[in-house]
Amino acid sequence: MKNYFVAKSRRLRSTPYTSRIENQGVTAYSVYNHMLLPAAFGSLEDSYHHLKKHVQVWDVAGERQVEISGKDSAKLVQLMTCRDLSKSKVGRCYYCPIIDDRAGLINDPVILKLREDRWWVSIADSDVILFAKGLAIGNSFDVKIFEPNVNILAVQGPKSFKLMEIIFGKKIVEMKFFGFDYFEFAGAKHLIARSGWSKQGGYEIYVENIESGLALYDKLFEVGKEFNVKPGCPNLIERIESALLSYGNDMDNNDNPLECGLDKYVNLDTEVNFLGKEKLKEVRNKGIARKLMGVIIESKEINVAKSINLTNDKNLKIGELRSGVYSPHFKKVIGIAMLDKPYYEISQTFKISINGDVFEGKVCDLPFI
Ligand code: THG
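The sections below set out a description of the structure shown in this document. All of these numbers come straight from a predicted model, not from anything done at the bench. (Residues numbered from 1 in each chain as written. Predicted model: local features only at pLDDT ≥ 70, side-chain atom pairs only at ≥ 80, totals over all residues. Heavy atoms only, no water.)

**Here's the deal with empty space enclosed by the protein**
Then step 1. Per the stated rule, a full pass over the model turns up one cavity of 30 Å³ or more.
Then step 2. Estimated volume of the largest cavity: approximately 50 Å³.
Then step 3. Taken together, Ala-40, Phe-41, Gly-42, Ser-43, Leu-44, Ser-47, Gly-232, Cys-233, Pro-234 and Asn-235 make up the lining of the largest cavity.
Then step 4. Residue composition of the lining of the largest cavity, by class: five nonpolar, five polar and no charged. (1 Å grid on protein atoms, 1.4 Å probe; cavity = no way out; pocket = protein on both sides within 12 Å on 5 of 7 lines; lining within 4 Å. Points joined across faces, edges and corners; volume = space filled by probe spheres on them. Nonpolar A, V, L, I, M, F, W, Y, C, P; charged D, E, K, R; others polar.)

So this is what it looks like as structure tokens:
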């Protein structure tokens, strides 16, 4: 595969950490919420093994915040998500599918409840702010909606706990998964959550004070030496093995949350009001017509730059591969695919053409590990 340069511009926003990661050897970028998102620091496999064993610091400033505050903020946030937030607590994060009136996914953010009337919607790659503003205007809600200058640093990997404890003290290791609290560093308070887009454990630091945040960035690398800290980024192998879904890749506005296996975050039997509720009930009653599943392919390499059809023995399309990568753990290609009914059953076999060669594959459950 030939590679191309990304032409930087103001529209394709840099982050406060860009100059640092470029000095540290970033080798590829993706674009996320109109911002540079590092995609590689050398070998994907080396980074994968390192992430599972040590600790990494990630520039994930592209995970932008949509701040929603004001008298009607809770109403608006609830209107946008099919997850019941009526019992949500200040100081907690919630993974919430955002859907439209047709139950199509708009985004799958982490929502932080900062106060009863102040929320951060930590978005995946789509313009949630425009959707939120449209809903607020249409409903004459009393809310303020804007993108605050928050730039997340993720600290991920099994040694992240020891590293963060040295800098922030014992309190940080006592924090529960998806909880957040405020921690002081170099004259500023930082919101830190026990979360992150890997299953290797760790934290996300929502940096608002950039000067203090940059000092913290450097401190993480200084203190992290004894833990073999490295710069990193969301890792394609690790995130597919762990089945962390990627909006725009694994699912988009043409898919509903039940097709995507997000049932855990769909509450149709409570009183709360959200967009697409009736439509989703219809989908549930009728049953889904396709489902996001894992697949294992008898191949050693793949590069998924667009959907790739999956076919059966009769050459009939039964689904499409949406993400895929070679997994050193399985020693095969693994991926995330949308399978049509009735083919979304475990052990269903299929064929897939990769660069002109045809390979056998099998459907399996998510997550892989
Ligand atoms: N952190 C923050 N913002 C984000 C992401 C993040 N915004 C964009 C993107 N990632 C949103 N997507 C996800 C997908 C999965 C998870 C978080 C964000 C996640 N899921 C866990 C799981 O699937 O096991 C836990 C979910 C739960 O049980 O509540 O962590 O990474 N700030």
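Moving on from the coordinates now.
**Thoughts on the pairing of strand S8 (residues 110–115)**
Then step 1. Of all six residues making up S8, five are buried, and the element is well covered by its neighbours.
Then step 2. Across five bridges, the pairing between S8 and strand S9 (residues 118–122) is antiparallel. Bridge pairing in S9 places Lys-113 opposite Trp-119.
Then step 3. In textbook terms, the turn of a hairpin is the stretch between consecutive antiparallel strands, and for S8 and S9 this stretch comprises two residues. (Buried < 20%, exposed > 50% of the residue type's maximum accessible area, 1.4 Å probe, protein only. Helix = DSSP H or I, 4+ residues; strand = E, 2+ residues; numbered from the N terminus. Pairing = 2+ DSSP bridges.)

**Comments concerning the packing of helix H3 (residues 73–80) against helix H4 (residues 128–138)**
Then step 1. At a closest axis distance of 11 Å, the pairing of H3 and H4 adopts a crossing angle of 120°. When the interaxial angle is binned, H3 and H4 end up oblique. For the crossing formed where H3 meets H4, the hand is right-handed. Of the residues in H4, those in contact with Leu-76, Leu-79 and Met-80 of H3 are Phe-131, Ala-132, Leu-135 and Ala-136.
Then step 2. Grouping the constituent residues of the contact of H3 with H4 by class yields seven nonpolar, no polar and no charged. (Axes fitted to C-alpha atoms, helices over the stretch in contact; angles between N-to-C directions. Parallel < 35°, antiparallel > 145°, perpendicular 65-115°, else oblique. Left-handed = near helix turned anticlockwise from the far one by under 90°. Contact = heavy atoms within 4.5 Å.)

**Describing the layout of surface pockets**
To locate leftover empty space, one rolls a probe as large as a water molecule over the atoms.
Then step 1. Empty space within the second largest pocket amounts to approximately 270 Å³.
Then step 2. Lining of the second largest pocket is provided by 16 residues; of these, Asn-256, Glu-259, Lys-279, Val-283 and Lys-286 occupy positions nearest its centre.
Then step 3. For the lining of the second largest pocket, a count of residues per class yields four nonpolar, five polar and seven charged.

**Re the site of the ligand**
Then step 1. Within the structure, the ligand sits among 18 residues, and Asp-108, Ser-122, Lys-199, Glu-204 and Tyr-206 are positioned closest to it.
Then step 2. Within the contact set of the ligand, an oxygen atom lies 3.5 Å away from a backbone nitrogen or oxygen of Trp-197.
Then step 3. Here a nitrogen atom of the ligand sits 2.8 Å away from a polar atom, N or O, in the side chain of Glu-204.
Then step 4. Isolated, the ligand exposes 640 Å² of accessible area, and the fraction of that covered by the protein chains is 89%.
Then step 5. When its residues are assigned to classes, the shell around the ligand shows twelve nonpolar, two polar and four charged. (Near = heavy atom within 4 Å. Polar contact = N/O pair within 3.5 Å; in protein donor to acceptor, adjacent residues only side chain to side chain. Areas by Shrake-Rupley, 256 points an atom, 1.4 Å probe, with all protein chains shown as cover.)

**A few points about the side chain of Ser-327**
Then step 1. Position of Ser-327 among the secondary structure elements: in strand S18 (residues 317–327).
Then step 2. Relative accessible area serves as the criterion here: at 0%, Ser-327 is assigned to the buried category.
Then step 3. Beyond its immediate stretch of four places on either side in the chain, Ser-327 contacts Ile-237, Glu-241, Lys-332 and Ile-334.

**A look at the nonpolar core**
Then step 1. Counting residues in each nonpolar core, the largest one holds 65 residues, and the members touching the most others are Leu-112, Leu-280, Val-295, Leu-310, Leu-321 and Leu-339.
Then step 2. At six residues, strand S19 (residues 332–340) tops the list of elements feeding residues into this core.
Then step 3. Setting aside residues no more than four positions away along its own chain, Leu-321 makes contact with Val-295, Ile-297, Ile-302, Val-304, Lys-306, Ser-307, Ile-308, Leu-310, Gly-335, Ile-336, Ala-337 and Ile-352. (Core = buried A, V, L, I, M, F, W, Y, C linked by side-chain atoms within 4.5 Å.)

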